[in-house]
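Examining the three-dimensional arrangement
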Amino acid sequence: MPRSSQPRRQATLASLAAELKVSRTTVSNAYNRPDQLSAELRARVLEAAKRRGYPGPDPVARSLRTRKAGAVGLLLTEALSYSFRDPAAMSFLAGLSESCEEAGEGLLLVPAGPGRDDVDAAAVVQQAGVDGFVVYSVADNDPHLAAVVERRLPMVVCDQPRQIAGASLVGIDDRGAMRELAEHMISLGHTEIGVLCMRLGRDARNGPADAERLRSPDFPVQRERIAGVQDALIAAGLDPQSLTVVESSEHTTGAGHAAAERALAINPRTTALVCTTDVLALGALEFARWRGIDVPAELSVTGFDGVPEALRVGLTTVQQPAEEKGRRAGALLLRPSHSGIATVEMLDTELLRGRTSAPPRTWPRGPAE
């Protein structure tokens, strides 16, 4: 007999269940809850599905039925590509991904990069099919954050902002950790100190940050780290106004190189550059090599984060548990407290005294060329 020209209809969950003489729940469990079936029965269902071209339960229909997307949204402070270049962000992502994997949840990256207006930001957040959000170091006044709050989904914040009603928080004592590092530098004899920091506001600025800029409320982590250095100066009887602070709008070693050059041009007597991140510190070391400045004999350089490259070169830095931050943020979101009360977890840091800090020379370096 000639073969029918009519295409064979694709199997559905119901038709596959009828063919196998099992319930539709059994077919669904073969995909979504395999622990509910014997290995033999699950293999029989999947083999029949493959033979009939059945792709599995419709995830859209399932999410509509269960009102669960099966994914966590990660709101990032920068463009998406930043997450795969910044070592601290990558460590955080690794930890958060681990928590999601353990819970069988997906992870959706929602970049809160600069340049979007409130309408665009709201659209990006509203279109994210997620069951909750982890907010990673976002500015207090970022429109994406406002859109996340409006969705009224479970939320955990890492680092900043620090005061979101109903949201749990995972962070560190940035001010205290930086104060400890600055006290170490002062104990070595450094009094002419420059600070290289990431951007303090949502607008892009590169160069010295004045007192008004230092009061910017947008990125409190950077502000707190600078305040930690000022606290150490005050405790040592030094003038905090003598501190040279240079801000970089980009978080790259190239930006650290440029900021270090600018800081030493502003104050050629600087003997120590205290950087609010390891990436900026690595750029400062690059500048010192370029200028032929001996580190640490002529210039001490410190960082903050404890990223692998910083540890490799022996940078004096504050090591923070970035990966553990990600794990804890994921755990708080996916396994919240039964009390429903927001949780605050402050993780420990460690001061690592490396090879890039030493007592200053007894004579000042000459003016920058």
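Residues numbered from 1 in each chain as written. Predicted model: local features only at pLDDT ≥ 70, side-chain atom pairs only at ≥ 80, totals over all residues. Heavy atoms only, no water.

1. Comments concerning the side chain of T244
Inspection of the secondary structure assignment puts T244 in strand β8 (residues 244-247). Beyond its immediate chain neighbours, meaning those up to four positions away, T244 contacts I193, G194, V195, A263, I266 and N267. (Helix = DSSP H or I, 4+ residues; strand = E, 2+ residues; numbered from the N terminus. Contact = heavy atoms within 4.5 Å.)

2. A closer look at the environment of P308
Inspection of the secondary structure puts P308 in helix α13 (residues 308-312). Counting along the chain gives 221 residues from P308 to P87, while the straight-line C-alpha distance between them is 7.9 Å.

3. So, the pattern of salt bridges
Counted under the stated rule, the structure contains 18 salt bridges. As a salt-bridge pair, D142 and R202 come within 3.9 Å of each other at their nearest N and O atoms. A residue pair is termed long-range when its members are at least 10 positions apart, and D142 in the loop between β3 (132-136) and α7 (143-151) and R202 in the loop between β6 (193-197) and β7 (207-208) qualify at 60 residues. Note that R162 is salt-bridged to D174, the shortest N-O span being 3.1 Å. You can see R162 sitting in the loop between β4 (155-158) and β5 (168-172) and its partner D174 sitting in helix α8 (residues 174-187), a full 12 residues away along the chain. What makes R162 partly exposed here is its relative accessible area of 35%. (Salt bridge = Lys/Arg side-chain N within 4 Å of Asp/Glu carboxyl O. Buried < 20%, exposed > 50% of the residue type's maximum accessible area, 1.4 Å probe, protein only.)

4. Things to note about the pairing of strand β1 (residues 71-76)
The buried fraction of β1 amounts to six of the six residues, a majority that puts the element mostly inside the structure. Taking every second residue as pointing to the same face, both faces of β1 are buried, with A71, G73 and L75 on one and V72, L74 and L76 on the other. For β1 and strand β2 (residues 106-111), the ladder comprises six bridges, and the chain directions are parallel. Bridging across to β2, A71 finds its partner in G106. Sheet topology note: the β1/β3 ladder contains five bridges and is parallel. In the sheet register, L75 faces β3, and the bridge partner there is V135. (Pairing = 2+ DSSP bridges.)

5. Digging into the sheet that holds β7
Read across the open sheet, the five strands follow the order β7-β8-β6-β9-β10; overall the sheet is mixed. Both edges of this open sheet fall to β7 and β10 (300-302), since each of them pairs with a single strand only. Both β7 and β8 contribute to a ladder of two bridges, which runs antiparallel. Opposite P208, over in β8, you have V246 as the bridge partner.

6. With respect to the sheet that holds strand β12 (residues 344-347)
Across the sheet, six strands lie side by side as β2-β1-β3-β4-β5-β12; this open sheet has parallel pairing. Looking at strand neighbours, the two that pair on one side only are β2 and β12, the edges of this open sheet. Direction aside, neighbouring strands of the sheet carry axes that sit 20 degrees apart on average. (Axes fitted to C-alpha atoms, helices over the stretch in contact; angles between N-to-C directions.)

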